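Here is how the chains run, residue by residue.
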Amino acid sequence: MNLFDCNAMLGRLPSAPAGEGTVAALTKVMDRFGIEAAVVAHTAAWRHDPVTGNAQLLAEVAGEPRLRPAWVGLPDGCGEVPPPAQFVAVVRRHGVAAVRLYPADHGYDLAGPDVAPLLDALAAARLPLLVDADQAPLAEIEAIAAARPALQVVVCQIGYRALRRLAGVLVRTPNVHVDLSYLGTHLALEWLVERFGTGRLLFGTGLPARDPADAVTRLLWSELGDAEVAAIGAGNLRRLIGGELW
């Protein structure tokens, strides 16, 4: 069974003892848990500076075919990053698979006007957007997805306490998806598949901050059929980023 992780990261985390943060350390854990490939961002792009952190990510994953980069984006109003059309062109040129946003940590509203041009550009380019659940209210995630049906939004690290509100968002916005990294309640995965189908769920671990055993066990020991497990484990991520990963 192929497992392609949509939610992994390189680099050290100042607030958590999450290991060395190197490619070698990450792929060692992936090997241990049978994870074939991963889309990865870099903590330097999140915690320090997206421009230098994204460049550092490209340098570190070069020559490692199992890891596909995800860049961290920003609104361009302060001049730190290029305008959205130019940013997307560079993303495409470097084979970046997805874009992550950290509105809470980087000081802007996900549904506000500052980042709207970037979201429009991502939607036009069919680049998936990854947002951690603690970075924006579900109402803002729903708003940006409803305004841009072509924008595929993956909500990462959402837990069982938000399931009722999440269900409403999934009903109203078919372009919103969920990863498994924090989905720890009993039979939640099975209920989501029964209610919304397999296409809305992606295998994601939250490595290195989270133990990948959680997501792996949640999926492989679930009561889902083999075809459903295969779709969540790898097929849905392949589809969102435009076909084959590598």
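The structure this text deals with has already been given above.
Residues numbered from 1 in each chain as written. Predicted model: local features only at pLDDT ≥ 70, side-chain atom pairs only at ≥ 80, totals over all residues. Heavy atoms only, no water.

## A look at the nonpolar core
Here is step 1: In this structure, Val40, Leu101, Leu129, Leu180 and Leu201 are the most contacted members of the largest nonpolar core, which totals 69 residues.
Here is step 2: When residues in this core are grouped by element, the largest group, six residues, is from helix α6 (residues 116-125).
Here is step 3: When neighbours within four sequence positions are excluded, Leu201 is seen to be in contact with Val178, Leu180, Leu183, Leu189, Leu192, Val193, Ile232 and Asn236.
Here is step 4: Core analysis: the second largest hydrophobic core is formed by 22 residues, Val39, Trp46, Cys156 and Leu202 among them. (Core = buried A, V, L, I, M, F, W, Y, C linked by side-chain atoms within 4.5 Å. Buried < 20%, exposed > 50% of the residue type's maximum accessible area, 1.4 Å probe, protein only. Helix = DSSP H or I, 4+ residues; strand = E, 2+ residues; numbered from the N terminus. Contact = heavy atoms within 4.5 Å.)

## A few points about the pairing of strand β3 (residues 67-72)
Here is step 1: With respect to burial, β3 is a largely interior element, six of its six residues being buried.
Here is step 2: Side chains of β3 alternate between two faces, with Leu67, Pro69 and Trp71 and Arg68, Ala70 and Val72 buried alike.
Here is step 3: In this structure, strand β2 (residues 37-42) lies alongside β3, joined through three bridges in parallel fashion. Bridge pairing links Val40 to Pro69 in β3.
Here is step 4: Two elements, β3 and strand β4 (residues 98-101), share three bridges in a ladder whose sense is parallel. Within the sheet, the bridge partner assigned to Val72 lies in β4 and is Arg100.
Here is step 5: Each parallel crossover has a hand, and for β3 linked through helix α4 (residues 84-93) to β4 it is right-handed. (Pairing = 2+ DSSP bridges. Right-handed = clockwise from strand over helix to strand, strands pointing away.)

## Brief notes about the pairing of strand β5 (residues 129-132)
Here is step 1: Side chains Leu129 and Val131 of β5 all project onto a buried face; the interleaved residues Leu130 and Asp132 project onto the opposite face, where all are buried too.
Here is step 2: For β4 and β5, the ladder comprises three bridges, and the chain directions are parallel. Paired with Val99 across the bridge in β5 is Leu129.
Here is step 3: Between β5 and its parallel partner strand β6 (residues 153-156), the chain crosses via helix α7 (residues 138-147), and the hand of that crossover is right-handed.

## Considering the packing of helix α8 (residues 163-172) against helix α9 (residues 188-196)
Here is step 1: It is the contact of α8 with α9, at a shortest axis distance of 12 Å, that shows an interaxial angle of 25°. Accordingly, the angle class assigned to the pair α8 and α9 is roughly parallel. Judged by the sense of rotation from one axis to the other, the crossing of α8 with α9 is right-handed. Within the contact between the two elements, α8 uses Leu163, Ala167, Leu170 and Val171 and α9 uses Ala188, Trp191, Leu192, Arg195 and Phe196.
Here is step 2: Here the residues of the contact of α8 with α9 are counted per class, giving eight nonpolar, no polar and one charged. (Axes fitted to C-alpha atoms, helices over the stretch in contact; angles between N-to-C directions. Parallel < 35°, antiparallel > 145°, perpendicular 65-115°, else oblique. Left-handed = near helix turned anticlockwise from the far one by under 90°. Nonpolar A, V, L, I, M, F, W, Y, C, P; charged D, E, K, R; others polar.)

## Thoughts on the side chain of Thr43
Here is step 1: With respect to the element layout, Thr43 can be found in helix α2 (residues 43-47).
Here is step 2: Within the structure, Thr43 has its side chain in polar contact with the backbone oxygen of Arg12 (distance 2.9 Å). (Polar contact = N/O pair within 3.5 Å; in protein donor to acceptor, adjacent residues only side chain to side chain.)

## Examining the environment of Glu80
Here is step 1: With respect to the helices, strands and loops of the structure, Glu80 is situated in the loop between β3 and α4.
Here is step 2: Counting along the chain gives 135 residues from Glu80 to Ala215, while the straight-line C-alpha distance between them is 35 Å.
Here is step 3: When neighbours within four sequence positions are excluded, Glu80 is seen to be in contact with Val51 and Leu74.

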